[in-house]
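A closer look at the structure
Here are the chains, one letter per residue:
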Amino acid sequence: MKIFLKYTFIAFGTIAVLILLWASTLKLYNLHSVSVEAELFNTNSIEYHYINHLLLGYLHIIPGILFLVLGAYQFIPFFRDKYLKLHRFTGKVFILLAAIIFITAIVLAVFVPFGDMLETIVTIIFGTYLLYGTYKAYIYAKAKKINLHQKWVTRVYFIAIAVSTIRGIIALFMNFADYTLKEAFGISFFLAFILHLIGVEIWIRFLAKK
Ligand code: HEM
């Protein structure tokens, strides 16, 4: 049972990362398109919503994509053990990217939210928690407390990729509960972050232990 849950967690995480990579790359392309051909987009679309905040969008999404790739690399034990110096360097870059993403996420949610108040509140709470987690991961790496460092990095990465699950939950609300995209945003943020928080704590406390 434990082995099954372990591989389910890893498979779920991998799929979430791949979907988010694909969706974010597409969004980058669309943001570029809206900046040159705005008339092609519906004025209610997310792309149009960003038309006056493109720089902020890029500052969130580009580090987000790098964070996903670098994080996935950092978690593979083979590379971590074989290229320790590289792991330390990319680890610092990862921490910096994480800080940029979480700060820009809070700025987006406070100043240009697409959804409702719940989106803003959930992002402030989880964005702040993730910033705290990033700080803890860095401090424990410096102090060579590797076990604690790993736990915090795992928390930060797995909770951050809840952004991928949000997309699936939004689709469910829109298809089965007749929510509009705007209405589905806040509740989907809330459910996805809670789900990932619970999932990663189960992983850390029960599944990751040998
Ligand atoms: C893990 C890396 C991340 C990537 C690749 C990423 C990607 C994106 C993308 C592509 C958008 C544009 C809008 C959309 O397509 O939904 C976006 C917006 C946003 N992201 Fe992220 N994101 C990441 C992490 C986070 C985290 C951890 C949070 C919250 C703590 C967050 C909060 C937001 C918010 C609030 C917006 C603005 C949504 C709106 O328009 O109201 N993101 N992100």
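Above: the structure in question.
Structural notes, computed from the coordinates. All values derive from a computational prediction rather than experimental measurement.

Enumeration according to the criterion identifies 18 aromatic pairs in this entry. On the basis of an interplanar angle of 20 degrees and a centroid distance of 6.5 Å, the ring pair of Phe 79 and Tyr 83 is categorised as stacked. Residue classification places Tyr 83 among the partly exposed residues on the basis of a relative accessible area of 38%. Both rings, one in Phe 94 and one in Tyr 157, keep their centres 6.3 Å apart while their planes meet at 40 degrees; by these two values the pair is tilted. Of this pair, Phe 94 sits in helix α5 (residues 84-111) while Tyr 157 sits in helix α7 (residues 146-160), and the two are 63 residues apart along the sequence. With relative accessibility at 6%, the residue Phe 94 sits in the buried group. Residue classification places Tyr 157 among the buried positions, given a relative accessible area of 7%. An aromatic cluster is present here, built from Phe 67, Phe 75, Phe 94, Phe 102 and Tyr 157 joined pairwise through their rings. The ring of Trp 152 has Arg 155 lying over it, and the distance from NZ or CZ to the ring centre is 4.5 Å.

Moving on, we come to unusual backbone geometry. Unlike most non-glycine residues, Lys 144 shows phi in positive territory, near 60 degrees. Tracing the backbone shows Lys 144 in the loop between α6 (117-142) and α7. Despite not being glycine, Asp 178 has its phi angle at roughly 60 degrees, a positive value. Within the secondary structure, Asp 178 is located in the loop between α8 (162-176) and α9 (181-207). On the basis of relative accessible area, Asp 178 is assigned to the exposed category, the value being 68%.

We now examine the site of the ligand. Around the ligand sit 27 residues, and of these Lys 27, Tyr 50, His 60, Phe 114 and Glu 119 come closest. Here Phe 114 contributes a backbone N or O atom positioned 2.6 Å from an oxygen atom of the ligand. Looking at the shell around the ligand, the elements that each hand over two or more residues are α1 (2-36), α3 (54-75), α5, α6, α8 and α9. Here the residues of the shell around the ligand sort into 19 nonpolar, five polar and three charged.

Take α6 next. With 26 residues, α6 should reach 38 Å at 1.5 Å per residue; the first-to-last C-alpha distance of 38 Å fits that figure. Here α6 has its buried residues at Glu 119, Thr 120, Val 122, Thr 123, Phe 126, Gly 127, Leu 130, Gly 133, Thr 134, Lys 136, Ala 137 and Tyr 140. Just past α6, the residue Lys 144 takes up positive phi, approximately 60 degrees.

Right, let's get into the coordination of the iron atom of the ligand. For the iron atom of the ligand, the sole protein-derived donor is His 60 (NE2), lying 2.1 Å away. Within the secondary structure, His 60 sits in helix α3.

A separate point is the environment of Thr 154. Within the element layout of this structure, Thr 154 appears in helix α7. Classification of Thr 154 as buried rests on a relative accessible area of 14%. Note: C-alpha distance between Thr 154 and Trp 203 (49 residues apart in sequence) is 9.2 Å. Discounting chain neighbours no more than four positions away, the residues touching Thr 154 are Phe 75, Val 200 and Trp 203. Only 2.6 Å separates the side chain of Thr 154 from the backbone oxygen of Gln 150, close enough to count as a polar contact.

Compared with the 32 Å implied by 1.5 Å per residue over 22 residues, the 31 Å span of α3 between its first and last C-alpha is a close match. Burial in α3 covers these residues: Leu 54, Gly 57, Ile 61, Pro 63, Gly 64, Ile 65, Phe 67, Leu 68, Leu 70, Gly 71 and Gln 74. Turning to α3, the residues buried within the fold contact α1, α4 (77-82), α5 and α7.

The next thing to look at is the nonpolar core. Counting residues in each nonpolar core, the largest one holds 51 residues, and the members touching the most others are Phe 67, Leu 68, Phe 102, Tyr 157, Ile 161 and Phe 193. Taken together, the elements giving at least two residues each to this core come down to α1, α3, α5, α6, α7, α8 and α9. It is α9 that provides the largest number of residues to this core, a total of nine residues. Residues contacting Ile 161, with those up to four places away along its chain left out, are Gly 13, Ala 16, Val 17, Leu 20, Leu 68 and His 196.

Conventions adopted
Residues numbered from 1 in each chain as written. Predicted model: local features only at pLDDT ≥ 70, side-chain atom pairs only at ≥ 80, totals over all residues. Heavy atoms only, no water. Phe/Tyr/Trp six-rings, centres within 6.5 Å; stacked < 30°, edge-to-face > 60°. Buried < 20%, exposed > 50% of the residue type's maximum accessible area, 1.4 Å probe, protein only. Helix = DSSP H or I, 4+ residues; strand = E, 2+ residues; numbered from the N terminus. Lys NZ or Arg CZ within 6 Å of the ring centre and 35° of its normal. Near = heavy atom within 4 Å. Polar contact = N/O pair within 3.5 Å; in protein donor to acceptor, adjacent residues only side chain to side chain. Nonpolar A, V, L, I, M, F, W, Y, C, P; charged D, E, K, R; others polar. Expected span 1.5 Å × (residues − 1). Donors = N, O, S within 2.8 Å, 3.2 Å for Na, K, Ca; no water. Contact = heavy atoms within 4.5 Å. Core = buried A, V, L, I, M, F, W, Y, C linked by side-chain atoms within 4.5 Å.

By themselves, these observations are geometric and do not establish any function.
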